[in-house]
Amino acid sequence: MNGYDADVVVIGGGAAGLNGALMLVRSRRQVIVVDAGEPRNAPAHGVHGLLGREGMPPAELLAAGRSEVQGYGGAVVQDRVTSLRRDDASALVVTLRGGRVLRARRVLIATGLVDVLPPIPGMADLWGVDVLHCPYCHGWEVRDTAIGVLATGPASPHHGLLFRQLSDDIVYFTNGMSLPADLAEQFAALDVTVVDGVVTALDTRDGRLTGVRLDDGSLVARTALAVATTLQARVDFARDIGLVPVEHSMGVGHHIPAGPTGQTDTAGVWVAGNVTDLMAQVGASAAQGALAGAHINADLVAEDARRAVQARAAVS
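About the thresholds
Residues numbered from 1 in each chain as written. Predicted model: local features only at pLDDT ≥ 70, side-chain atom pairs only at ≥ 80, totals over all residues. Heavy atoms only, no water. UniProt positions renumbered as here; feature names shortened; annotations may be inferred. Buried < 20%, exposed > 50% of the residue type's maximum accessible area, 1.4 Å probe, protein only. Helix = DSSP H or I, 4+ residues; strand = E, 2+ residues; numbered from the N terminus. Pairing = 2+ DSSP bridges. Axes fitted to C-alpha atoms, helices over the stretch in contact; angles between N-to-C directions. Salt bridge = Lys/Arg side-chain N within 4 Å of Asp/Glu carboxyl O. 1 Å grid on protein atoms, 1.4 Å probe; cavity = no way out; pocket = protein on both sides within 12 Å on 5 of 7 lines; lining within 4 Å. Points joined across faces, edges and corners; volume = space filled by probe spheres on them. Nonpolar A, V, L, I, M, F, W, Y, C, P; charged D, E, K, R; others polar. Contact = heavy atoms within 4.5 Å.

As recorded in an unreviewed UniProt entry, the protein chain goes by NAD(P)/FAD-dependent oxidoreductase and comes from Williamsia deligens. According to the UniProt record, the Catalytic activity (unreviewed entry) comment for the protein chain is "[thioredoxin]-dithiol + NADP(+) = [thioredoxin]-disulfide + NADPH + H(+)".

**Observations concerning the pairing of strand S7 (residues 113–116)**
Only one face of S7 is buried, namely the one carrying Leu113 and Asp115, since none of Val114 and Val116 on the opposite face is buried. Relative to strand S16 (residues 230–233), S7 is paired through 4 bridges, and the arrangement is antiparallel. Its bridge partner lying in S16, Asp115 is registered against Leu231.

**Section: the sheet that holds strand S14 (residues 219–221)**
If you trace the 3 strands from one edge of the open sheet to the other, you get S12-S13-S14, paired in antiparallel fashion. Each edge of the open sheet carries a strand with a single partner, namely strand S12 (199–205) and S14. Neighbouring strand axes in the sheet, compared pairwise and without regard to direction, differ in orientation by 30° on average. Judged from the 6 bridges that link them, S12 and strand S13 (residues 208–214) form a sheet pairing that is antiparallel. Looking at S13, one finds that Leu202 is bridged to Val212.

**Brief notes about the UniProt feature "domain: FAD/NAD(P)-binding" (unreviewed entry) in the protein chain**
UniProt records the feature "domain: FAD/NAD(P)-binding" (unreviewed entry) for residues 7–289 in the present numbering. For the annotated span residues 7–289, helix accounts for 21% and strand for 30% of the residues, and the straight-line distance between the end C-alpha atoms is 16 Å.

**Considering the pattern of salt bridges**
Per the counting criterion, the structure on display carries 15 salt bridges. Here Asp304 ties to Arg29 by a salt bridge, and the two come within 3.2 Å at their closest N and O atoms. Of the two residues, Asp304 is situated in helix H7 (residues 282–315) and Arg29 in the loop between helix H1 (15–25) and strand S2 (31–35); the sequence distance between them amounts to 275 residues. We classify Arg29 as buried; its relative accessible area is 12%. Notably, a salt bridge pairs Glu303 with Arg105, separated by 2.8 Å at the nearest N-O pair. Of this pair, Glu303 sits in helix H7 while Arg105 sits in strand S6 (residues 101–109), and the two are 198 residues apart along the sequence. The class of Glu303 is buried, set by a relative accessible area of 12%.

**Let's talk about the layout of surface pockets**
Counted as a void, the second largest pocket has a volume near 310 Å³. If you trace the second largest pocket, you find 15 residues lining it, with Asn19, Leu61, Gly65, Glu68 and Ala286 closest to the centre. Those elements that place two or more of their residues in the lining of the second largest pocket are H1, helix H2 (58–71) and H7. Of the residues in the lining of the second largest pocket, the class split is 11 nonpolar, 2 polar and 2 charged.

**Notes on the sheet that holds strand S9 (residues 147–150)**
The strand order across the open sheet formed by 5 strands is S8-S15-S9-S10-S11, and the pairing between neighbours is parallel. Looking at strand neighbours, the two that pair on one side only are strand S8 (131–132) and strand S11 (193–195), the edges of this open sheet. In terms of strand pairing, strand S10 (residues 170–173) meets S11 through 3 bridges, oriented parallel. Across the sheet, residue Phe173 finds its bridge partner in S11, namely Val195. Across the sheet, helix H5 (residues 156–164) lies against S9, S10 and strand S15 (224–227), angled at about 165° from S9, the strand it touches most.

Here's what the structure looks like:
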């Protein structure tokens, strides 16, 4: 391939990366997917809101995706990317932790994000079990139960309204944050109980949530707790090429901005999924990967055509 290991290296083997890779390999592009094997939804029991795959275990969905990509000739490498740069020949150079170096014409970054949890004892152990973040991903499973909503930022009151749709028993923990008067009025009208004070720990029994403990020593019984985490795009490896996360306009974390097709301001680099769209669920992430893959292929087609014209002119 004229010194290239692949037309496209896809960094990240989740729904966005694999769907992008699938579009590319079906267009006869040589693709290498590098997957660190740390999907964000690993603690979840099933994928939800994805037509035709409702409730499928995340690992099963990704295994099927890898098989489909490989079935069309794509390669999937289990490793972690440590750096992304451009060499003197303008190739995109992807270095892996295991020492392998890949040269590509284009790169699709679909490494997702990390949920940064509040440093409250007991919370990390219950993440993805009884500590939840998304009413659309987990809400049905905790419907009609005793749900708590922990205030962590500006999106938390909206979180409370969304979970109120799923249960009549909602407690909103202000956690030392103020609640705007209009939202307090809405909570009162919807019978959402507002509890002031700072949350200091989560009580558990047999690995399940039993209550939320406050700084005054009181305990509020709850069996589920909704937490709006801080969302951080996983792209530390891309700083050398100029891709640095910026704060999201909604104040929920940091992401890589991109155009509607996933193209970044860095030539030859696209992004898809949670690395750019912090709120995207599996279906939306997969769709973004497919769109990015199609546009990467179109970009390569245009480049190949230009080179063919130049080569023909040189011969003439």
